[in-house]
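Given next are the chains, with one letter for each unit.
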Amino acid sequence: MNYSHAFHAGNFADVMKHIVLARLVEYLKKKDSAFRVIDTHAGIGRYDLTGEIAKRSPEWVDGVGRLLRTPLPQKAQALVEPYLNVIRELNPGGGVEIYPGSPLLVRKLFRPQDRLSALELHPEYAKRLGILFEGDVQVRVIHLDGWLALNAHVPPKEKRGLVLVDPPFEEKGEFDRMVDGLVKAHKKFAGGIYALWYPLKDTRAVHDFVSALHGTGIAKMLRAEISIRTASNPPRLHGSGLILVNPPFTLEGELRILLPALAQLLGDPGLGRHKLEWIRGEA
């Protein structure tokens, strides 16, 4: 309950995660029918990078700041434009002082028919999130443990959508809860897209997590990672990963363009790496 994402908002992990999130939303918009995004660990939704917390740990400088300073290769740059357009809208004076959390990012990308369920357990964060979206009929803010949402809030009535699971990984057992939550949710909403974020820090824990996912038998699971530095002992955050269940058919090709470009740009000199592999393909 003491975790504050404001320390990390806009860092390399956010950039990677949010660019992929934007690509998923853009894909869902290709059909006219409405969809819902369920954000299980929504945070406060909007981060002030000029605030005291962000200043104490300005990780955004080498994340979104670096992305704004240095364009990616042309094909990769085109793929990040939906994400960057939201950054520009929130910062009309240029640069980046305001950074969107995942609920605000997806809301900015919505059409009138699309909906967001944003869940947050921390009472103060849930209150701030509610104020941010007050009066917005397309957003429902719910003060609830996001792990419960994986079972209670699927399938959405729209029957189309994306479930983002992005826990803070401040407590033990988050990997196990993620696998268990996915299995339960998938039984009820097998056709949904799931994006599960995880930190690259404890290499053994990540290995066991991927093995456990493979053991579920769930089909169509894609693993995407970037590393910005080599793993260390004692462990420190060295990369960012996403498990993508039922990814759009276009996404693998997009990630083959995006991941190496992001790893090179956001990584320490010569140390940026990426990984893209299927944990399970078609059933």
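Here the structure is shown first, and the text comes after it.
Described below are features of the structure shown in this document. Computed from a predicted structure; not experimentally measured.

Focus: the overall build of the chain
Alright, step 1. For the chain, the helix and strand inventory stands at 10 helices and 10 strands.
Alright, step 2. Expected size for 283 residues packed as a compact globule is a radius of gyration near 19 Å; at 17 Å, the chain falls within 12% of this value.
Alright, step 3. Summarising its shape, the C-alpha atoms of the chain cover approximately 45 × 45 × 40 Å along the three principal directions.
Alright, step 4. For the chain, the residues scored as buried account for 55% of the 283 residues in total.
Alright, step 5. Averaged over its 38 positive side-chain charges, the chain has a centre that lies 3 Å from the centre of its 32 negative ones.

Some words on the packing of helix α8 (residues 174-188) against helix α9 (residues 203-215)
Alright, step 1. Direction vectors running N to C along α8 and α9 enclose 15°, while the axes themselves pass 10 Å from each other. The pairing of α8 with α9 is recorded here as roughly parallel in orientation. The hand of the α8/α9 crossing is right-handed. For the pair α8 and α9, the contacting residues are Phe175, Met178, Val179 and Leu182 in the first and Ala205, Val206, Phe209, Ala212 and Leu213 in the second.
Alright, step 2. When its residues are assigned to classes, the contact of α8 with α9 shows 9 nonpolar, no polar and no charged.

Some points on the side chain of asparagine 91
Alright, step 1. As for its placement among the helices and strands, asparagine 91 is situated in the loop between α4 (74-90) and β3 (98-100).
Alright, step 2. At 2.8 Å, the side chain of asparagine 91 forms a polar contact with the backbone nitrogen of isoleucine 98.
Alright, step 3. When neighbours within four sequence positions are excluded, asparagine 91 is seen to be in contact with Val96, Glu97 and Ile98.

Overview of the environment of lysine 275
Alright, step 1. For lysine 275, the position within the fold is in strand β10 (residues 273-280).
Alright, step 2. Separated by 211 residues in sequence, lysine 275 and valine 64 have C-alpha atoms that sit 21 Å apart.
Alright, step 3. Those residues in contact with lysine 275, other than ones at most four positions away along the chain, are Arg223, Ala224, Glu225 and Leu259.

Considering the pattern of salt bridges
Alright, step 1. Applying the stated rule across the entire model yields 18 salt bridges.
Alright, step 2. Across the salt bridge formed by arginine 223 and glutamate 225, the nearest N and O atoms sit 2.8 Å from each other. Each member of the pair, arginine 223 as well as glutamate 225, carries the same accessibility label: buried.
Alright, step 3. Where glutamate 277 meets arginine 223, a salt bridge forms, and the shortest distance between an N and an O atom there is 3.0 Å. Of this pair, glutamate 277 sits in strand β10 while arginine 223 is found in strand β8 (residues 221-227), placing the two residues 54 residues apart along the sequence.
Alright, step 4. Of the residues examined, arginine 223 reaches a relative accessible area of 10% and is grouped as buried.
Alright, step 5. Overlapping salt bridges, with partners in common, bring together Asp14, Lys17 and Asp166 in one network.

Side note on the packing of aromatic side chains
Alright, step 1. If you walk through the whole model with that rule in mind, you get 8 aromatic pairs.
Alright, step 2. With a centroid separation of 4.8 Å and an interplanar angle of 45°, the aromatic rings of phenylalanine 175 and phenylalanine 209 are classed as tilted. Taken as a pair, phenylalanine 175 in helix α8 and phenylalanine 209 in helix α9 lie far apart in primary sequence, 34 residues in all. Comparing phenylalanine 175 with phenylalanine 209 shows no difference in burial state: the two are buried.
Alright, step 3. Every member of this aromatic cluster is reached through a ring pair, and the members are Phe169, Phe175, Trp197, Tyr198 and Phe209.
Alright, step 4. Lysine 17 extends its terminal NZ or CZ atom over the ring of tryptophan 197, reaching a point 5.2 Å from the ring centre.

Criteria and thresholds
- Residues numbered from 1 in each chain as written.
- Predicted model: local features only at pLDDT ≥ 70, side-chain atom pairs only at ≥ 80, totals over all residues.
- Heavy atoms only, no water.
- Helix = DSSP H or I, 4+ residues; strand = E, 2+ residues; numbered from the N terminus.
- Rg over C-alpha atoms; globule rule 2.2 N^0.38 Å.
- Buried < 20%, exposed > 50% of the residue type's maximum accessible area, 1.4 Å probe, protein only.
- Lys, Arg positive; Asp, Glu negative; His and termini not counted.
- Charge placed at Lys NZ, Arg CZ, Asp CG, Glu CD.
- Axes fitted to C-alpha atoms, helices over the stretch in contact; angles between N-to-C directions.
- Parallel < 35°, antiparallel > 145°, perpendicular 65-115°, else oblique.
- Left-handed = near helix turned anticlockwise from the far one by under 90°.
- Contact = heavy atoms within 4.5 Å.
- Nonpolar A, V, L, I, M, F, W, Y, C, P; charged D, E, K, R; others polar.
- Polar contact = N/O pair within 3.5 Å; in protein donor to acceptor, adjacent residues only side chain to side chain.
- Salt bridge = Lys/Arg side-chain N within 4 Å of Asp/Glu carboxyl O.
- Phe/Tyr/Trp six-rings, centres within 6.5 Å; stacked < 30°, edge-to-face > 60°.
- Lys NZ or Arg CZ within 6 Å of the ring centre and 35° of its normal.

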